[in-house]
Amino acid sequence: MELQRANEVALSADGSRIAFAVHASYREQGKPIETRLWVGDVGGELRPGEAGSLPRFSPDGSRLAFASDRGHEGRLSLWVDDGELGGIPGSVEAIQW
């Protein structure tokens, strides 16, 4: 029951950084499944980070865009690095630089 599943893998263009979403393989009744981003250097230590999904590196690999419902439970908004990008109506379903 403690199994974690990784998906939505993103690799920076130069192959040095990796980001992916990790979520539990089950959920408790009445609670949502929490998805967290793991980010780090390829071949280095990876650690769980912020709640989020759909990680995408910028073309030069210096920035990370992702979707998160932080502050908007149930509605995904667009984040780049540690900041939310404005008031986008609706919920983010895909990200492309």
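Residues numbered from 1 in each chain as written. Predicted model: local features only at pLDDT ≥ 70, side-chain atom pairs only at ≥ 80, totals over all residues. Heavy atoms only, no water.

(A) Structural context of the sheet that holds strand β7 (residues 77–80). The strand order across the open sheet built from four strands is β5-β6-β7-β8, with neighbouring strands paired in antiparallel fashion. Lying at the two open borders of the sheet, with one neighbouring strand each, are β5 (53–57) and β8 (83–84). (Pairing = 2+ DSSP bridges. Helix = DSSP H or I, 4+ residues; strand = E, 2+ residues; numbered from the N terminus.)

(B) Just the side chain of S58, in detail. Tracing the backbone through its elements, the reader meets S58 in the loop between β5 and β6 (64–68). Polar side-chain contacts of S58 include one of 2.7 Å to the side chain of D60. Engagement of the side chain of S58 in a polar contact is seen with the backbone nitrogen of S62, the distance being 3.3 Å. Contacts of S58, omitting those with residues within four sequence positions, involve R63 and W97. (Polar contact = N/O pair within 3.5 Å; in protein donor to acceptor, adjacent residues only side chain to side chain. Contact = heavy atoms within 4.5 Å.)

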